[in-house]
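Residue strings, one per chain:
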Amino acid sequence: MSLKRTSFLATLLFFSVGMCQAQTKDFFNKSDLMPIGSYYYPEQWPHEYWERDLKKMAEVGFDFTHFGEFAWAFIEPEEGKFDFKWIDEAIDLARSNGIKVIMCTSSPTPPAWLAEKHPEILMVNDMGITMQHGSRQQISWSSPVYRQYVSKMVGAVAKHFANDKRIWGWQLDNEPSHYGQYDYSPAAQISFRKWLKVKYTTIDNLNKTWGTAFWSLVYSNFDQVRIPNSKELIAQPNPSAVLDFKRFSNDEVNDFLAMQYKILRKYIAPEQWITTNLMPGEPPVDPTKITSLDFNSYTKYLVAGYDKGIGPQGFRIGSSTSIAFSNDLFRSINGITGVMELQPGQVNWGKFNPQPMPGVVRMWIWHAFAGGNKFVCNYRFKQPLIGGEQYHYGIIGPDGVTPSTSGLEYIKVIKELKGLKKLYNSNAQIPKEHAARLTALLYNPDNRWEEDNQPQSNQWSFEKHMMHYYNALKQLGAPVDVITEDKDFSKYPVMVAPSYQLLDADLVTRWTKYVEDGGHLVITTRTGQKNRNAKLWEMKFAEPIYKLIGGKISFYDLLPDTVFGTIKMSTRNYKWNNWADIITPDPGTEVWASYTNQYYAGSVAVMSRKLGKGTVTYVGPDTDDGSLEKAVLQKVYQRAGIVVRNLPEGVMLEWRDGFWVGVNYSPKPYTVPLSTKDKILIGTQILKPADVIVWQ
């Protein structure tokens, strides 16, 4: 069996639309640091308010605004009849107040007349229910009819604003995701079959790759294949089919965005950039697979009842890893990113909607700055009086003139950033000690998609497992790039590959060379179990990595949520019950930790070996609190001679453009270690919860 099976379509997409990102130029002036903007919807407010509102936006200091993403019914009130007079007026008002404009395409909100005339454009959920007009994102990206109308609308917008100097950049759609749902419409069924034909060419290839001999699932032709939907099946669907459907769904939205990108690029000025705002927490649309734009930006809401944060008031602050991971993932895709939507305060759609901790909105903005974002935009400027988001904070309250509590925090940051610009030094170099800790966290959504489908334990979470390592890296003060396999490994002294379940011989070869050349590789539980199409190897369990790690995976264990396994590393004890690989080292491989209970007490949990100039460490268990994972990483850096910090959970210290930035998501104050040469620019050395320090 070959270890080198790869996705033809993934390769095709990379070379076709992916080259947009490969050739991305920096559209932003570095000395601007991080412009701040706010969404505004002229179509949602009386005409007589526009001048006052945009003047107010300029007065509080915003650099840019954002028009048109939900305005299709106003841009094309009747089929083929386009009206740009109103939005031209709004753009002129913005320009006269010194505010730049991000123009959007309105594809997430088709007008009522379109759904009425063509109900076939609507998506269908996994329960077989057709989504209807009355909200947003109710359409199928696969519908050729919908794409035809989107193309006409985007073409009209592009032609009207061709080379328009009032426009700073463009956003396609809005949060393209279907908000965690998948499309099972007739249009998606047809498009999925076409995708499979391109990938597999013949139905025999599909049958072989998917293993359809199991349960007599064998197909005679592609038209027999349906989207795998657990809601219409007695037992679990074919795992290879599920993985392919998730790949297809991501490719479908990428292709939909590429269609809009190509239309815009025919007309707009080269210096105008094109992006979309993706949601990092929505697995169906993975940012690393959106390769058709100039760069990807993200949406981030931390306080909505879903994130407990740290400590008794953490639900008002959010987790420190939330913005940090988004920064390190999106920036690493092609070097450019921005926050297109950042929570402006209390929201309306959460599990429950608490008031954020005073100061935390300001801290989020500074955290976005620390992560290298080129801009931050909040959603939205004015709290709406109508519609489904009436209780969603704006920068300005419902009276239209008074800043909200979090609006005042935005105003404060805008003033602080203006002061920081005067101190910007284009020749500033990253401190050597900080650069020496540069670490790659290797990520492929295929692993997440596959493990989400086959978790094997009600406690398993790929995302939580990955965050154990990411959080530990940040506590050790490591600057992190969350990278994909197409990136150069050699620039990173340390690389962590969490739960890399799907791989091939090429990746193992690259890992081996990386280590032999001096890199320090950490790979973790579940790694190497399957090939790229989610098929177990016809060999010993996870055998493709044995030579690399200097040992073998004897078996794995999973425990009930009320039972804990125990591990000893050095003099400290740890607990686990999510997943554990029981490993057997080869002679010469060093044992770092062992299991101390269950029937395999004494067996190895963590091992490490030297290989060439570097090291490779294998971590068998997944813990609940991440403490073992942190201890392993700390030892890897120590053995490599790399100096690390030891920050409390929730405190992050980052370097950007000559400035150090510290943020505190923890419940306790932290004294930032500064030298006598360091100069505090913002804040104090004692970093309080939900506060910021900036120094040079």
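Preceding this section is the structure that the text describes.
Each chain has its residues counted from 1, following the order in which its sequence is written. Only residues with pLDDT of 70 or above have their local features reported here, since the model is predicted, and side-chain atom pairs are shown and tallied only from 80 upward, although totals for entire chains, interfaces and linings are computed over all residues. To obtain the side-chain values, all non-hydrogen atoms of the structure were used and water was disregarded.

### Comments concerning the packing of helix α12 (residues 360–370) against helix α13 (residues 405–421)
As a reminder, the rule being used: All axes are obtained by fitting lines to C-alpha atoms, using only the stretch in contact for helices, and the reported angles, taken between N-to-C directions, cover 0 to 180 degrees. Counting from the N terminus, the helices are the DSSP runs of H or I reaching at least four residues and the strands are the DSSP runs of E reaching at least two. Small angles under 35 degrees read as roughly parallel and large ones over 145 as roughly antiparallel, with 65 to 115 read as roughly perpendicular and the rest as oblique. Note: crossing handedness is left-handed where the near helix turns anticlockwise from the far helix by less than a right angle, and right-handed where it turns clockwise. Throughout, a contact is declared for two residues whenever any of their heavy atoms are within 4.5 Å. Three classes are used: nonpolar for Ala, Val, Leu, Ile, Met, Phe, Trp, Tyr, Cys and Pro, charged for Asp, Glu, Lys and Arg, and polar for all others, with Gly counted as polar.
It is the contact of α12 with α13, at a shortest axis distance of 8 Å, that shows an interaxial angle of 40°. With respect to α13, the axis of α12 lies oblique. For the crossing formed where α12 meets α13, the hand is right-handed. Across the interface between the two elements, Val360, Val361, Arg362, Ile365, Trp366 and Phe369 from α12 touch Ser406, Glu409, Tyr410, Lys412, Val413, Glu416, Leu417 and Leu420 from α13. Taken together, the residues that form the contact of α12 with α13 break down as 9 nonpolar, 1 polar and 4 charged.

### Let's talk about the packing of helix α16 (residues 462–475) against helix α19 (residues 627–640)
The geometry of α16 relative to α19 is characterised by a closest axis approach of 9 Å and an angle of 50° between their N-to-C directions. The angle between α16 and α19 falls in the class oblique. Every pair of crossing elements has a handedness; the one defined by α16 and α19 is right-handed. Every residue of α19 that contacts α16 at His468, Tyr469, Ala472, Leu473 and Gln475 is listed here: Glu629, Lys630, Leu633 and Tyr637. Of the residues assigned to the contact of α16 with α19, the class counts are 5 nonpolar, 2 polar and 2 charged.

### Focus: the side chain of threonine 105
Under the convention used in this document: For this analysis, a polar contact is any N or O atom pair within 3.5 Å, provided that within protein one partner can donate a hydrogen and the other can accept it, and provided that sequence-adjacent residues contribute only side-chain to side-chain pairs.
Mapping threonine 105 onto the fold places it in the loop between β3 (100–104) and α6 (112–117). In terms of polar contacts, threonine 105 uses its side chain to reach the backbone amide nitrogen of aspartate 173, at 2.9 Å. At a separation of 2.7 Å, a polar atom in the side chain of threonine 105 contacts the side chain of glutamine 260. Residue contacts for threonine 105: discarding those within four places in its chain leaves Gly68, Glu69, Val154, Gln171, Leu172, Asp173, Gln260 and Leu264.

### With respect to the pairing of strand β2 (residues 64–67)
Quick reminder of the rule: Burial classes follow relative accessibility: with a 1.4 Å probe on protein chains only, a residue under 20% of its type's maximum area counts as buried, one over 50% as exposed, and anything between as partly exposed. Pairing between strands requires that DSSP locate at least two bridges from one strand to the other. We call a crossover right-handed when, viewed with the strands running away from us, the connection from the first strand over the helix to the second turns clockwise.
Neither face of β2 is open: one carries Phe64 and His66, the other Thr65 and Phe67, and all of them are buried. Direction of pairing for strand β1 (residues 36–39) relative to β2: parallel, over a ladder of 3 bridges. Each bridged residue has a counterpart across the sheet, and for serine 38 the counterpart in β2 is threonine 65. Following the chain from β1 across helix α3 (residues 50–59) to the adjacent parallel β2, one finds a crossover that is right-handed. Of the pairings in the sheet, the one linking β2 to β3 comprises 4 bridges and is parallel in character.

### Re the sheet that holds strand β25 (residues 680–682)
Note on sheets: strands pair through backbone hydrogen bonds, and any given pair is parallel or antiparallel. Here we have 4 strands laid out as an open sheet, ordered β22-β23-β27-β25, and antiparallel in their pairing. Every interior strand has two partners, whereas the edge strands, β22 (651–656) and β25, have only one. Geometrically, the sheet is characterised by an average inter-axis angle of 25° between neighbouring strands, direction not taken into account.

### Examining the pattern of salt bridges
Condition: In what follows, salt bridge is the name for a side-chain nitrogen of Lys or Arg lying within 4 Å of a carboxyl oxygen of Asp or Glu.
Scanning the model with the defined rule gives 34 salt bridges in all. Here the salt bridges do not stand alone but share partners, grouping Asp88, Asp92, Arg95, Asp164 and Arg166 into one network.

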